[in-house]
Structure formats: C-alpha cells, structure tokens
Amino acid sequence: MRIDVVSLFPDFVRQCAAVGVVGRAQQRELLQVETWNPRDYATDRHRSVDSGVYGGGPGMVMMIEPLRTTLAAMRTAAPEPVHLVYLSPQGARLTQGRVEALARLPRIALLCGRYEGVDERLLAHEVDEELSIGDYVLSGGELAAAVVIDAVGRLQDGALNDALSAQQDSFSDGLLDCPHYAKPVHDALGSVPEVLLSGDHAAIARWRLKQSLGRTWLRRPDLLSQRGLDAASRALLEE
Ligand code: ADE
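Computed from a predicted structure; not experimentally measured.

**Quick word on the domain arrangement of the protein**
Then step 1. Structurally, the protein comprises domain 1 (2-153) and domain 2 (169-238).
Then step 2. Relative to domain 2, the C-alpha centre of domain 1 lies at a distance of 36 Å.

As structure tokens, this is what we get:
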C-alpha cells in the first residue's frame, strides 16, 4: 500500500513512520510512505502557503494554489487512484472500522492542515473524506496523519510478526482487549491467573472474552450498546 502525506512538516511525518512495526513494514516494502511539502510548490519569493482569513479574525488559512499544484504532482506520481483524507477536528471520528477500510485501499493520501485550516474551496474539490482522531485540537494534522499511518500500516499483510495479534486487538471485535501477562508467573505484584496456565484453550478463550466484556462494560459501555450482546456474551457477563 502507498500513503502520500501532504504536510509542511514532512520530516516529522517521515520520522514517525520510520520506527517500529510501520518502519519494518516499509523496509519489507509492504508500505510506501511519501511526503509532499506545499512550500516546495509555492511560487512567490517568500514561498507563501497561507494568507489571512476573509471576514476578519485571527489566524491564517492555507491557500488554494500551492496545495492544488502539490496535490496534482502527488496524484500523478503513481498510477493508482488516490483516496484523499483531510485530517481536522471537524472530521468524522476515526474508528478501527474506518482504519480497516482504509487499509484495504491500494493508495491513500493524507492532507495535513496547519494554522486555522485549509481554504474550503480546495477541500470541497479535492477531498474524499475528512477524519478527526478525537475531540481536541492539535496544532496541525501531522500527529493525526502519524496515527492513521500507524493504524493502517500495521494491518498490511505481513507487517505484524504474528497475524493473530491484529485479530485480537481491542476494537477488532467491538470490545476492549483483555489483560495480558508476561513472565514470571508469581511476583510481589501478584500471580498470573491460573486459567492462563491450564493449557485448556476453550477455557482460556472464555476467560478472555469474559474479561473483554467486563472491561468494555465498565470502561466503554457506549461500545456495548453499539455492538449489542449475543446470548452467549450475556450469559458470560451474568456468571
Ligand atoms: N488537526 C487538528 N486537530 C485534529 C484532530 N483532533 N484530528 C485530526 N486532525 C486534527
């Protein structure tokens, strides 16, 4: 999969994408991350990418022209059509479901705003989808782009060393993840639950589902009301 990122801070985005699972996915050529800096496409002698906002008020807005030429160059740099995502607090909330859908596309592009945002006319013409990573305001879209790259990149086939771990993630089945334990079995902080040492795979799966259900019930009841509970899950919760 290819991800193009349009950003005034390309080094930051590249560094975020160079580490851990996503960095490895790039090395394995499962993922290609390319960056495009609108300042490189600015035509005036100050290399301006922003201007004051019509109607008055504080702040600057990213102008159409440098972005239009940047996006045109980006789109023609590879043959695959691009699904362009604009990152902003006004977007629809990013969920694991959206991440999974994006991860199935051959190519996406992430447009990072700075200042007060981007001229609305450019957004209306170019952007396929607007996404927010949460109800708070960042000083630019770059951290949100890094979030999308990480969440999408780790889902590429072969990116995770154990393919099962993506299936067991929080949210992949609409529930929070169960607790996990490492060595040793006994420690001053407590012992590993016995069922996990039993080798009884059915009992372990039941325990994990019960823990996931309980945690979701306590911490994120909104997820349970979205997902609904099947009879088996309800019985487990009532045990
Ligand atoms: N840019 C600024 N704040 C953001 C947010 N919460 N999500 C996505 N992009 C943003």
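**Comments concerning the site of the ligand**
Then step 1. By nearness alone, every residue bordering the ligand is listed as Leu 87, Ser 88, Pro 89, Ser 132, Ile 133, Gly 134, Tyr 136, Val 137, Leu 138, Gly 141 and Ala 144.
Then step 2. In terms of residues, the shell around the ligand owes the most to one element, strand S5 (residues 83-93), which gives three residues.
Then step 3. Residues of the shell around the ligand, tallied by class, amount to seven nonpolar, four polar and no charged.

**Some words on unusual backbone geometry**
Then step 1. Omega for the bond connecting Lys 183 with Pro 184 falls within 30 degrees of zero, at 5 degrees, which places this linkage in the cis form.
Then step 2. Checked against the element boundaries, Pro 184 lands in the loop between helix H7 (164-167) and strand S8 (186-187).

**Focus: the environment of Leu 30**
Then step 1. Here Leu 30 lies in the loop between helix H2 (20-27) and strand S2 (32-36).
Then step 2. In the structure, Leu 30 is positioned 46 residues away from Thr 76 in sequence and 21 Å away in space, judged by C-alpha atoms.
Then step 3. Setting aside anything within four residues of it in sequence, one finds Leu 30 in contact with Ala 25, Gln 156, Asp 157, Gly 158 and Ala 159.

**Focus on the environment of Leu 84**
Then step 1. Mapped onto the secondary structure, Leu 84 falls in strand S5.
Then step 2. Residue classification places Leu 84 among the buried positions, given that 21 C-beta atoms sit within 10 Å.
Then step 3. Sequence separation between Leu 84 and Ala 145 is 61 residues, and the spatial gap between their C-alpha atoms is 12 Å.
Then step 4. Residue contacts for Leu 84: discarding those within four places in its chain leaves Ala 109, Leu 111, Glu 126, Val 127 and Asp 128.

**Topic: the pairing of strand S1 (residues 2-6)**
Then step 1. With four of its five residues buried, S1 lies for the most part within the structure.
Then step 2. In this structure, S1 lies alongside strand S6 (residues 107-112), joined through five bridges in parallel fashion. Considered in S6, the bridge of Ile 3 is made with Ile 108.

**A word on the sheet that holds S2**
Then step 1. Taking strand neighbours across the sheet as the criterion, the five strands line up as S2-S1-S6-S5-S7 in an open arrangement whose pairing is parallel. If you trace the sheet from one side to the other, it starts and ends with S2 and strand S7 (129-132), each paired once. Sheet twist, expressed as the average angle between the axes of neighbouring strands with direction ignored, equals 30 degrees.
Then step 2. Relative to S6, helix H6 (residues 142-153) is tilted by about 160 degrees, and along the sheet it contacts S1, S2, S5 and S6.

**Overview of the nonpolar core**
Then step 1. Val 85, Leu 87, Ala 109, Leu 110, Leu 111, Ala 145 and Ile 149 are the most contacted members of the largest nonpolar core, which totals 41 residues.
Then step 2. Of all the secondary structure elements, the ones that give two or more residues to this core are S1, helix H1 (10-16), H2, helix H3 (64-76), S5, helix H4 (96-103), S6 and H6.
Then step 3. No other element matches H6, which puts seven residues into this core.
Then step 4. In contact with Ala 109, other than residues within four places in its own chain, are Asp 4, Val 6, Met 74, Val 82, Leu 84 and Val 85.

**Some remarks on the packing of helix H8 (residues 201-219) against helix H10 (residues 231-238)**
Then step 1. Closest axis-to-axis distance for the H8/H10 pair is 9 Å, and the angle between their directions is 80 degrees. In terms of orientation, H8 lies roughly perpendicular with respect to H10. Where H8 approaches H10, its residues Arg 206, Leu 209, Lys 210, Leu 213, Gly 214 and Trp 217 are matched on the opposing element by Ser 233, Leu 236 and Leu 237.
Then step 2. Along the lines of polarity and charge, the residues of the contact of H8 with H10 split into five nonpolar, two polar and two charged.

**A look at the environment of Glu 120**
Then step 1. Looking at where Glu 120 falls in the secondary structure, it is placed in helix H5 (residues 120-126).
Then step 2. Looking at Glu 120, the number of C-beta atoms within 10 Å reads 10, which means it is exposed.
Then step 3. Taking the C-alpha atoms as reference points, Glu 120 and Glu 34, separated by 86 residues in sequence, lie 25 Å from one another.

**As for the pairing of S2**
Then step 1. The alternating pattern of S2 places Val 33 and Thr 35 on a buried face and Gln 32, Glu 34 and Trp 36 on a face that is not buried.
Then step 2. Across five bridges, S1 lies against S2 in parallel orientation. Opposite Val 5, over in S2, you have Thr 35 as the bridge partner.

Reading the values: rules and limits
- Residues numbered from 1 in each chain as written.
- Predicted model: local features only at pLDDT ≥ 70, side-chain atom pairs only at ≥ 80, totals over all residues.
- Domains from an automatic or database assignment.
- Near = placed C-beta within 6 Å.
- Helix = DSSP H or I, 4+ residues; strand = E, 2+ residues; numbered from the N terminus.
- Nonpolar A, V, L, I, M, F, W, Y, C, P; charged D, E, K, R; others polar.
- Contact = placed C-beta atoms within 7 Å.
- Buried ≥ 20, exposed ≤ 12 C-beta atoms within 10 Å, placed from the backbone.
- Pairing = 2+ DSSP bridges.
- Axes fitted to C-alpha atoms, helices over the stretch in contact; angles between N-to-C directions.
- Core = buried A, V, L, I, M, F, W, Y, C linked by C-beta atoms within 7 Å.
- Parallel < 35°, antiparallel > 145°, perpendicular 65-115°, else oblique.

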